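A look at the structure
Now for the letters of each chain:
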Amino acid sequence: MIHYLKKSATDFLHLFFPHTCAGCGSDLVRQQEEICITCYTNLAETGFASIAGNPVEKIFYGRVPIAAASSSFYFTKQSPLQQLIHALKYQGNQAVGLQLGVWTGQHLAAGNRFMYTELLLPMPLFPERFKKRGYNQAEVICNGIASVMQLPVRSDLVQRNRQTETQTKKGRSDRWTNVTGSFEIPKPEELTGKHLLLVDDVVTTGATLEACAEVILTARPASLSIVTLAWASDD
């Protein structure tokens, strides 16, 4: 009887407060879900986590010495993934980022190329942007990865010291000029000798990640790797 009443109450609330998929807007059954099975199956996994010399790693060849790099999914416009990332960054849906981070953590844990990671570092936001959004989407993704790989997340060890313009419509050289000198490390000794993983949402040309990685490497970590949710080719 109690189970029936609970189910009836849930069904009643669902009529007035439907729980919809952040990717396609379809109605979801369970409140703990944020992404429907259709959108999940339509996410194009890259498989890069277990492939040395993958396209994401090649972005950084000759630019910054990283141990490994990967992106979990291919990013295309009008795809479910674009909608999910939009929900994470601009609609306050942190649960989406956490779930995507969990799947990314599973991809990393399935191989052995990131097994020595000791510390997760989210790509930092400029304080004003953080204040406006209320959270850092890269840190949310990190928390999902951390729940799978059982690793600490430190959002205080890399900071953004100036606001930059959006990178969306800039070419590669302009992107680099836009972000160079934007990062600082307040406690370099806490990065020295550690195997680090820098995490962001999307990589295209890699200019922002490169600029951040260069500063992190001045702290002389044992290694630095890079992971993003998505890879958006700039071809």
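All of these numbers come straight from a predicted model, not from anything done at the bench.

Criteria and cut-off values
Residues numbered from 1 in each chain as written. Predicted model: local features only at pLDDT ≥ 70, side-chain atom pairs only at ≥ 80, totals over all residues. Heavy atoms only, no water. Helix = DSSP H or I, 4+ residues; strand = E, 2+ residues; numbered from the N terminus. Contact = heavy atoms within 4.5 Å. Areas by Shrake-Rupley, 256 points an atom, 1.4 Å probe, with all protein chains shown as cover. Buried < 20%, exposed > 50% of the residue type's maximum accessible area, 1.4 Å probe, protein only. Salt bridge = Lys/Arg side-chain N within 4 Å of Asp/Glu carboxyl O. Core = buried A, V, L, I, M, F, W, Y, C linked by side-chain atoms within 4.5 Å. pLDDT = per-residue confidence, 0-100. Pairing = 2+ DSSP bridges. Axes fitted to C-alpha atoms, helices over the stretch in contact; angles between N-to-C directions. Phe/Tyr/Trp six-rings, centres within 6.5 Å; stacked < 30°, edge-to-face > 60°.

Here we take up the overall build of the protein chain. Helices and strands together make up the secondary structure of the protein chain, namely nine helices and six strands. The contacts of the protein chain with a sequence gap of at least 6 include a subset with a gap of at least 24, amounting to 72%. When the accessible surface of the protein chain is summed, it comes to about 12200 Å², and 54% of that surface belongs to carbon and sulfur atoms.

Burial in helix 4 (residues 80-90) covers these residues: Leu81, Leu84, Ile85, Ala87, Leu88 and Lys89. As for helix 4, its buried residues are in contact with strand 1 (69-74), helix 5 (94-110), helix 6 (127-133), helix 7 (137-149), strand 5 (195-203) and strand 6 (223-231). Positive backbone phi, at 70°, marks Gly92, one or two positions downstream of helix 4.

The next subject is the pattern of salt bridges. Enumeration according to the criterion identifies five salt bridges in this entry. Between Arg63 and Glu210 there is a salt bridge, with the nearest N and O atoms lying 2.6 Å from each other. Note that Arg63 is positioned in the loop between helix 3 (55-59) and strand 1 and Glu210 in helix 9 (residues 207-217), a separation of 147 residues in sequence. On the accessibility criterion, Glu210 (9% relative accessible area) is buried. For Arg154, the salt bridge goes to Glu190, with nearest N and O atoms at 3.0 Å. Pair noted here: Arg154 is in the loop between helix 7 and strand 3 (159-160) and Glu190 is in the loop between strand 4 (183-184) and strand 5, with a separation of 36 residues, a long-range link. Here the salt bridges share partners, and the residues they tie into one network are Arg154, Asp156 and Glu190.

Among the nonpolar cores identified, the biggest contains 33 residues, and Leu100, Leu108 and Ile145 are the most heavily contacted of them. Elements supplying a minimum of two residues to this core: helix 4, helix 5, helix 7, strand 5 and strand 6. Considering every element that reaches this core, the biggest residue donor is helix 7, with six residues. Contacts of Ile145, omitting those with residues within four sequence positions, involve Gly101, Val102, Thr104, Gly105, Leu108, Leu120, Val199 and Val227. Counting 28 residues, the second-largest nonpolar core is a separate cluster that includes Ala138, Leu157, Val203 and Ala213.

Here we take up the confidence of the model for the protein chain. For the protein chain, mean pLDDT is 85; residues scoring 70 or higher make up 81% of the total. Averaged over each element, pLDDT in the protein chain is lowest for helix 1 (residues 2-16) (39) and highest for strand 2 (residues 119-122) (98). Every residue in residues 1-17 scores below 50 in pLDDT, and together they form six contacts with partners more than four places removed in sequence or on other chains.

Our next topic: the sheet that holds strand 2. Strand pairing in a sheet relies on backbone hydrogen bonds, with the paired strands running either antiparallel or parallel. Sheet architecture is open: four strands sit in the order 1-6-5-2, paired in parallel fashion. Each of the sheet's edge strands pairs with one partner strand only, and the pair in question is strand 1 and strand 2. Taking each pair of neighbouring strands and ignoring which way they run, the sheet shows an average axis angle of 20°. Most of the contacts of helix 9 go to strand 5, to which it runs at about 165°, and overall it touches strand 2, strand 5 and strand 6.

Although it is not a glycine, Gln150 sits at a positive phi angle of roughly 55°. Structurally, Gln150 can be placed in the loop between helix 7 and strand 3. Positioned with a positive phi, Arg220 is a non-glycine residue whose angle comes to about 55°. Position of Arg220 relative to the elements: it lies in the loop between helix 9 and strand 6. On the basis of relative accessible area, Arg220 is assigned to the exposed category, the value being 61%.

Within strand 1, five of the six residues are buried, which leaves it mostly tucked inside the rest of the structure. Here five bridges tie strand 1 to strand 6, and the two strands are oriented parallel to one another. Its bridge partner being in strand 6, Tyr74 is matched across the sheet by Trp231.

With respect to the element layout, Asn54 can be found in the loop between helix 2 (37-42) and helix 3. Residues contacting Asn54, with those up to four places away along its chain left out, are Phe48, Ala69 and Arg113.

So, about the packing of aromatic side chains. One pair of aromatic rings is described through two measures. These are the centre distance and the angle between the planes. Taken as a whole and judged by the stated rule, the model has four aromatic pairs. Here Phe48 and Tyr74 contribute two aromatic rings whose centre-to-centre distance is 5.8 Å and whose plane-to-plane angle is 75°, an arrangement assigned as edge-to-face. A residue pair is termed long-range when its members are at least 10 positions apart, and Phe48 in the loop between helix 2 and helix 3 and Tyr74 in strand 1 qualify at 26 residues.

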